[in-house]
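# Structure at a glance
The chain contents come next:
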Amino acid sequence: MTSNHTDCHYCLRSLRGRKYALREENAYCVTCYDSLFANSCEECKQPIECDSKDLAYKGRHWHEACFKCAKCSRSLVEKPFAAKDELLLCTECYSDEYSSKCFHCQKTIMPGSRKMEFKGSSWHESCFVCQYCRQPLGTKPLITKDNENYCVPCFEKQFAHHCYSCKKVITSGGVTYHDQPWHKECFLCAGCKTQLSGQRFISKDEYPYCEDCFSKLYAKKCTACKKPITALGGAKFISFEEYQWHRECFNCVRCSVSLVGQGFLTQQDDVLCDRCGSA
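None of the values given here were measured: they were computed from a predicted structure. (Residues numbered from 1 in each chain as written. Predicted model: local features only at pLDDT ≥ 70, side-chain atom pairs only at ≥ 80, totals over all residues. Heavy atoms only, no water.)

### Some thoughts on the overall build of the protein chain
Secondary structure summary: the protein chain contains five helices and 22 strands in total. On C-alpha atoms alone, the protein chain measures out to a radius of gyration of 45 Å, which is more than a quarter above the 19 Å that the 2.2 N^0.38 rule sets for 279 residues. By its C-alpha atoms, the protein chain is 150 × 40 × 35 Å across when sized along the principal axes. The buried share of the protein chain, reckoned over its 279 residues, is 30%. Long-range contacts, defined as pairs at least 24 residues apart, comprise 11% of the intrachain contacts of the protein chain with a sequence gap of at least 6. As displayed, the protein chain offers around 18,700 Å² of accessible surface, 46% of which is attributable to carbon and sulfur atoms. Charged side chains in the protein chain number 38 positive and 33 negative. The centres of these two groups are separated by 3 Å. (Helix = DSSP H or I, 4+ residues; strand = E, 2+ residues; numbered from the N terminus. Rg over C-alpha atoms; globule rule 2.2 N^0.38 Å. Buried < 20%, exposed > 50% of the residue type's maximum accessible area, 1.4 Å probe, protein only. Contact = heavy atoms within 4.5 Å. Areas by Shrake-Rupley, 256 points an atom, 1.4 Å probe, with all protein chains shown as cover. Lys, Arg positive; Asp, Glu negative; His and termini not counted. Charge placed at Lys NZ, Arg CZ, Asp CG, Glu CD.)

### Let's talk about the UniProt feature "domain: LIM zinc-binding" (unreviewed entry) in the protein chain
Within the UniProt annotation, "domain: LIM zinc-binding" (unreviewed entry) is assigned to residues 39-99, 100-161, 162-219 and 220-279. This span, residues 39-99, is 11% helix and 26% strand, and a straight line between its end C-alpha atoms measures 32 Å. Structurally, residues 162-219 is divided into 12% helix and 26% strand, and its ends, taken at the C-alpha atoms, are 33 Å apart. (UniProt positions renumbered as here; feature names shortened; annotations may be inferred.)

### Here's the deal with the domain arrangement of the protein chain
Assigned domains within the protein chain: domain 1 (20-90), domain 2 (97-159), domain 3 (175-217) and domain 4 (221-278). Here the C-alpha centre of domain 2 lies 42 Å away from the C-alpha centre of domain 1. (Domains from an automatic or database assignment.)

### Considering the packing of aromatic side chains
Under the definition given, this model contains 21 aromatic pairs. With 5.2 Å between their ring centres and 45° between their planes, Y164 and W182 make a pair best called tilted. Here Y164 is found in the loop between β11 (161-162) and β12 (169-170), whereas its partner W182 is found in strand β14 (residues 180-182), with 18 residues between them in sequence. Residue classification places Y164 among the partly exposed positions, given a relative accessible area of 41%. Pairing F187 with F201 gives two aromatic rings, centres 5.3 Å apart and planes at 80°, and the pair type is edge-to-face. (Phe/Tyr/Trp six-rings, centres within 6.5 Å; stacked < 30°, edge-to-face > 60°.)

### Thoughts on a negative patch on the surface
Judged by side-chain charge, E241, E242, D269 and D270 come together as a negatively charged surface patch. Relative to the helices and strands, D269 resides in the loop between β21 (264-267) and β22 (270-273). (Patch = residues over 30% accessible without salt bridge, like charges linked within 9 Å, V, L, I, M, F, W, Y side chains within 5 Å. Salt bridge = Lys/Arg side-chain N within 4 Å of Asp/Glu carboxyl O.)

### Quick look at the environment of L22
For L22, the position within the fold is in strand β1 (residues 20-23). A residue is classified by how much of its surface remains accessible, and L22, at 43% relative accessible area, is partly exposed. Between the C-alpha atom of L22 and that of C8, which follows or precedes it by 14 residues, the distance is 9.9 Å.

### Here's the deal with the layout of surface pockets
What the largest pocket holds in volume is close to 290 Å³. For the largest pocket, the lining is made up of 15 residues, of which Y164, W182, E206, Y207 and P208 are closest to its centre. Those elements that place two or more of their residues in the lining of the largest pocket are β14 and β16 (207-209). The class makeup of the residues in the lining of the largest pocket is nine nonpolar, three polar and three charged. Here the second largest pocket is characterised by a volume of approximately 180 Å³. Of all the secondary-structure elements, those providing two or more residues to the lining of the second largest pocket are β4 (60-63) and β6 (87-90). Split into classes, the residues belonging to the lining of the second largest pocket amount to seven nonpolar, one polar and six charged. (1 Å grid on protein atoms, 1.4 Å probe; cavity = no way out; pocket = protein on both sides within 12 Å on 5 of 7 lines; lining within 4 Å. Points joined across faces, edges and corners; volume = space filled by probe spheres on them. Nonpolar A, V, L, I, M, F, W, Y, C, P; charged D, E, K, R; others polar.)

### Comments concerning the pairing of strand β8 (residues 121-124)
Here is the key point about a regular strand: its side chains alternate between the two faces of the sheet. Where burial is concerned, the two faces of β8 agree: the one with S121 and W123 and the one with S122 and H124 are both buried. Where strand β7 (residues 115-118) meets β8, four bridges bridge the pair, whose relative direction is antiparallel. Residue pairing for β8: K115 is matched across the bridge by H124. In sequence, β7 turns back onto β8 through a hairpin of two residues, with K119 there showing a positive phi of about 50°. (Pairing = 2+ DSSP bridges.)

### Comments concerning the state of the cysteines
Tallied over the full model, the rule gives zero disulfides. Counting only cysteine sulfurs, C72 is the nearest neighbor of C69, a cysteine outside any disulfide, at a range of 3.6 Å. The exposure class assigned to C69 is buried, which follows from its relative accessible area of 2%. C213 forms no disulfide, and the closest cysteine sulfur to it belongs to C210, at a distance of 3.5 Å. (Disulfide = S-S within 2.5 Å.)

### Some thoughts on unusual backbone geometry
With phi around 70°, E25 is a residue other than glycine that occupies positive phi space. Relative to the assigned elements, E25 resides in the loop between β1 and β2 (26-29). Overall, E25 belongs to the exposed group, its relative accessible area being 75%. Phi at N147 takes a positive value of approximately 65°, unusual for a residue other than glycine. By the element assignment, N147 lies in the loop between β9 (142-145) and β10 (148-151).

Here you go:
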């Protein structure tokens, strides 16, 4: 530019009829301005003279012709770009090298676009939706089934079981009894109401009972030891007329020999081996 300023602020040469540049209200000839203030180009390392366009990014400077993608060399002037390890890349090159692929559509998640992270995978925000209602999941609670994501209401509507006892949704775990689902905390002994999940139990009239309650309420008593006879654990017993014995209790009352599989005689509530009965 030309001006009525008389002298260069640095070299003091006359500026009449010459181009000059202003800095802090002082005028400098082009030569002095470039040597004192011109930024060095990151690409070619040459000064960016005052009559050239200076493109700056994060404190670094480039000539307009030098502001290009470090990989494909296409100009980045007035185009979107990304920086990686101090290199400038066009969005296409950056995507090819560094961008994540969407778990759902397998397309690149472009720099600057919003992405969702879930279980170590990346998603486009528009792809991270409920498989059933197709509404965005965002940061809402969700449940995954067969690698598909569902919002909680849709999952409960489509897949969740309802507890046979309390009728509420079973979201995880649970117990199956008589082909019906139960919460573990709802699967209780019909007698004493203790939890039976993970415990041995006996079924009676479609209700579960712990061994103690079943024995007190329903089990027959051994004629010999008077203790309950239960089938829990596959226990075997002997039955004769209205009497029952534990297998290990079915012995001659006199000589204590086992009568299992042997002939025996009865004497009121007692059983005797043939030898003792004939004596």
